[in-house]
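Here is what each chain is made of, one letter per residue.
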Amino acid sequence: MSATPESPQSPRSPQTPQTPHSGGRPTVTEREARQVAEAAREQDWRKPSFAKELFLGRFRLDLIHPHPLPADEEAERGEEFLAKLRDFCETKIDGARIEREARIPDEVITGLKELGAFGMKIDTKYGGLGLTQVYYNKALALVGSANPAIGALLSAHQSIGVPQPLKIFGTQEQKDTFLPRCARTDISAFLLTEPDVGSDPARLATIAVPDGEGGYVLDGVKLWTTNGVVADLLVVMARVPRSEGHRGGITAFVVEAASEGITVENRNAFMGLRGLENGVTRFHQVRVPAGHRIGEEGQGLKIALTTLNTGRLSLPAMCVGAGKWCLKIAREWSAAREQWGKPVALHEAVGSKIAFIAATTFALEAVVDLSSQMADENRNDIRIEAALAKLYGSEMACLMADELVQIRGGRGYETADSLRARGERAVPAEQMLRDLRINRIFEGSTEIMHLLIAREAVDAHLSVAGDLIDPEKSLGDKAKAGANAGVFYAKWLPRLVAGPGQLPGTYGEFKHGVDLSPHLRYVERTARRLARSTFYAMSRWQGRMETKQGFLGRIVDIGAELFAMSAACVRAELLRRRDDHGREAYQLADAFCRQSRVRVDELFDRLWTNTDDIDRKVVKGVLSGTYEWLEQGVLDPSGDGPWIADTTPGPSARSNAHRPIR
């Protein structure tokens, strides 16, 4: 669990501010914080991106259609492992026990190691299974349906833990040393977040001081370290002070969890994911060899962001699994439960919820599979697609689970153990809702994802016109930027006026009984409208655009819906060509697109008709105490203590909760 170090802003600066205050935390301005995040961004676009083009008003269907497919050998290897994993989940995993005991049994973790589940994404030459992203995600959806905490355990280990950053940035020696361990025996964790640092990494307080002998000494405290309680290896982000021979900056290290000076001070507990081995980890004078540094000094945030480009796909994959389960329970329960002489599913108020769950599950699986296959092929830059999948999947999965609880009524609110105790089927609907809620925060909260995607969506504009709205740029720089912007917009703007979405016969290959071509024409027209709206907003607000987070969030949400509609149509056509429930897939894609179009039209209305301005005034009043009288008449059951725990460097005064599993 970790908020991600991402910002929508445009300034560029290569270094983390080094001015400390008490406790070692650097003091930074808002602009400096943005500069650090911007410097970590991958700023080049060397490969095409469907989603990037979509935000620019260009509907590049050719980038996703025909739907890419895995090679036969990869599919065969993936299906073979899924069969083994399914058998393990059905015979060895007791999800109810994990929920009761708030812990994954050691024998389950050991069994997963023996099965190779910890090495799904690791190359076979290092002892891993070498699965594609597509089948890795299918495996996570499967195991996550048995118990979401196990999905989080495997995902945190492989998607953001030691294997992924080493795969991209590690030396051959590091790969030879650590990847075989991660494939079969060792569990890894990723440590970025601190008690007072989430998505603002410029204030990172954990420090790695060069020891003069080629190594570093770590001091600091990390919060919400998923897998940290049981981990053998840690990826730690720490700030290296700038000094002679050291460029400094936030840097990534592989650290042995059993190193002297490391203490897991607490195993954290949450409203969901009760089996999650998540803790608070303190480092006191922990020595790390220079050979354990990943990449160069100052590359830590870039490594984290690049790792997350595909690592984010694991979370929406598990949301797909949740959607499938919600659909199954909704179908079975709504057929069995009768009200006023007929099954509740046939009452429109309930039926609309079931239709939403079915259509959304189809679309979400389409988004994840398409993004994953594009990641495997490595022909496209999928940083925006993966971010959209994470954002859309986490939001929609929560809605589906909430609708399931509503469909189940009082039984949806009742725990599975209570249902079992009184003789009914133990359906953990309320647990699903609790477990899914974290996904809107995991690996970048919805608010941060909105800003990250918005920053990428306007990248082309900032590249040509960014200096025009930067108050620190000289008149000469602004004049040059103005000339460049004039050339760019003279070519770009006319293309937003008309397009194939206005021609009735366009995308006719998507008409087979059910006609999906009107939806694709809608996506094409709406992409141009979205780009025009973005341009108008930039012209209107200029440098203040970065403060319009409500507007930016709606722009991103529209793009997410358009991406999901595109993926759903392309997947339906794939299934039709493969004679794999094609007719039904077309029906689901049509239903989803019709539902999505309603949401998109509402979002466009809210771009310009909203309460953003008055909301800001109310917020200022709340913070100033103007409305404090409104809080009277209740008691606050919260305990005493600081809002944020003290993280002053030093030795731990608490017992070590670390428990490696062997």
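Presented here is a report on the structure given in the accompanying data block. (Residues numbered from 1 in each chain as written. Predicted model: local features only at pLDDT ≥ 70, side-chain atom pairs only at ≥ 80, totals over all residues. Heavy atoms only, no water.)

1. What about the overall build of the chain?
Item 1. The secondary structure content of the chain amounts to 23 helices and twelve strands.
Item 2. Taking 26 Å as the expected radius of gyration for a compact globule of 662 residues, we find that the chain reaches 25 Å, a close match to that expectation.
Item 3. Along the longest, intermediate and shortest principal axes, the C-alpha atoms of the chain span 75 × 70 × 65 Å.
Item 4. Per-residue burial for the chain yields a buried fraction of 56% across its 662 residues.
Item 5. Summed over its atoms, the accessible surface of the chain is roughly 28,500 Å², and 52% of this surface lies on carbon and sulfur atoms. (Helix = DSSP H or I, 4+ residues; strand = E, 2+ residues; numbered from the N terminus. Rg over C-alpha atoms; globule rule 2.2 N^0.38 Å. Buried < 20%, exposed > 50% of the residue type's maximum accessible area, 1.4 Å probe, protein only. Areas by Shrake-Rupley, 256 points an atom, 1.4 Å probe, with all protein chains shown as cover.)

2. Here's the deal with the pairing of strand β1 (residues 188-191)
Item 1. The side-chain alternation of β1 yields two buried faces, one formed by S188 and F190 and the other by A189 and L191.
Item 2. Pairing between β1 and strand β4 (residues 233-240): four bridges, direction parallel. Directly across from A189, in β4, lies its bridge partner L234. (Pairing = 2+ DSSP bridges.)

3. A look at the environment of I93
Item 1. Note on placement: I93 falls in the loop between α3 (72-92) and α4 (95-101).
Item 2. In this structure the C-alpha to C-alpha distance between I93 and P105, which are twelve residues apart in sequence, comes to 8.9 Å.

4. Some words on the nonpolar core
Nonpolar side chains tend to gather and get buried jointly when the protein is soluble and globular.
Item 1. Formed by 104 residues in total, the largest nonpolar core has its most connected members in L388 and L562.
Item 2. The element contributing the most residues to this core is helix α21 (residues 549-577), with 16 residues.
Item 3. Residue contacts for L562: discarding those within four places in its chain leaves L54, Y522, V523, T526, A527 and L530. (Core = buried A, V, L, I, M, F, W, Y, C linked by side-chain atoms within 4.5 Å. Contact = heavy atoms within 4.5 Å.)

5. Side note on a nonpolar patch on the surface
Item 1. Side chains of I614, V618, V619, V622, L623, Y627, W629 and L630 sit close together on the surface and give an oily, nonpolar patch of about 820 Å² of accessible area.
Item 2. By the secondary structure assignment, L630 is in the segment after α23 (612-624). (Patch = residues over 30% accessible without salt bridge, like charges linked within 9 Å, V, L, I, M, F, W, Y side chains within 5 Å. Salt bridge = Lys/Arg side-chain N within 4 Å of Asp/Glu carboxyl O.)

6. Describing the pairing of strand β2 (residues 207-210)
Item 1. Relative to strand β3 (residues 215-226), β2 is paired through four bridges, and the arrangement is antiparallel. Across the sheet, residue P210 finds its bridge partner in β3, namely Y216.
Item 2. Where β2 folds back onto β3 in an antiparallel hairpin, the turn is made up of four residues, including G212, whose phi is positive at roughly 80 degrees.

7. A few points about the pattern of salt bridges
Item 1. Following the criterion strictly, the structure yields 48 salt bridges and no others.
Item 2. As a salt-bridge pair, E73 and R77 come within 4.0 Å of each other at their nearest N and O atoms. Of the two residues, E73 and R77 both sit in helix α3, four residues apart, roughly one turn of that helix.
Item 3. By relative accessible area, E73 is classed as exposed at 61%.
Item 4. Using a relative accessible area of 28% as the deciding quantity, one classes R77 as partly exposed.
Item 5. Here E99 makes a salt bridge to R274, at a shortest N to O gap of 3.9 Å. Within this pair, whereas E99 is found in helix α4, its partner R274 is found in the loop between β6 (262-267) and β7 (278-289), the two being separated by 175 residues in sequence.
Item 6. Taking relative accessible area as the criterion, R274 reaches 33% and is therefore assigned partly exposed.
Item 7. By sharing partners, the salt bridges in this structure join R103, D106, R267, E277 and R659 into a single network.

8. Points about the packing of aromatic side chains
Item 1. Scanning the entire structure with this criterion turns up 13 aromatic pairs.
Item 2. Taking the centre distance of 4.9 Å and the plane angle of 55 degrees together, the rings of Y489 and F535 count as tilted. Residue Y489 is found in helix α19 (residues 475-492), and its partner F535 is found in helix α20 (residues 517-541); the two are separated by 46 residues along the sequence.
Item 3. For Y489, a relative accessible area of 13% translates into the label buried.
Item 4. Consider the rings of W492 and F535, whose centres lie 6.1 Å apart with planes at 65 degrees: the pair is edge-to-face. Note that W492 is positioned in helix α19 and F535 in helix α20, a separation of 43 residues in sequence. (Phe/Tyr/Trp six-rings, centres within 6.5 Å; stacked < 30°, edge-to-face > 60°.)

9. Overview of the environment of P66
Item 1. For P66, the position within the fold is in the loop between α2 (50-55) and α3.
Item 2. Measuring from C-alpha to C-alpha, the distance between P66 and V570 comes to 7.1 Å, with 504 residues separating the pair along the chain.

10. Looking at unusual backbone geometry
Item 1. For the bond running from H65 to P66, omega is 0 degrees, close enough to zero to count as cis.
Item 2. Residues other than glycine seldom take positive phi values, yet D579 does so here, at roughly 55 degrees.
Item 3. Along the polypeptide, D579 turns up in the loop between α21 and α22 (582-608).
Item 4. Overall, the relative accessible area of 72% leaves D579 in the exposed class.

11. Brief notes about the state of the cysteines
Item 1. Counted according to the given criterion, the structure contains zero disulfides.
Item 2. With no disulfide of its own, C326 lies closest to C398 among cysteine sulfurs, the gap being 10 Å.
Item 3. The buried category is assigned to C326, whose relative accessible area is 0%. (Disulfide = S-S within 2.5 Å.)

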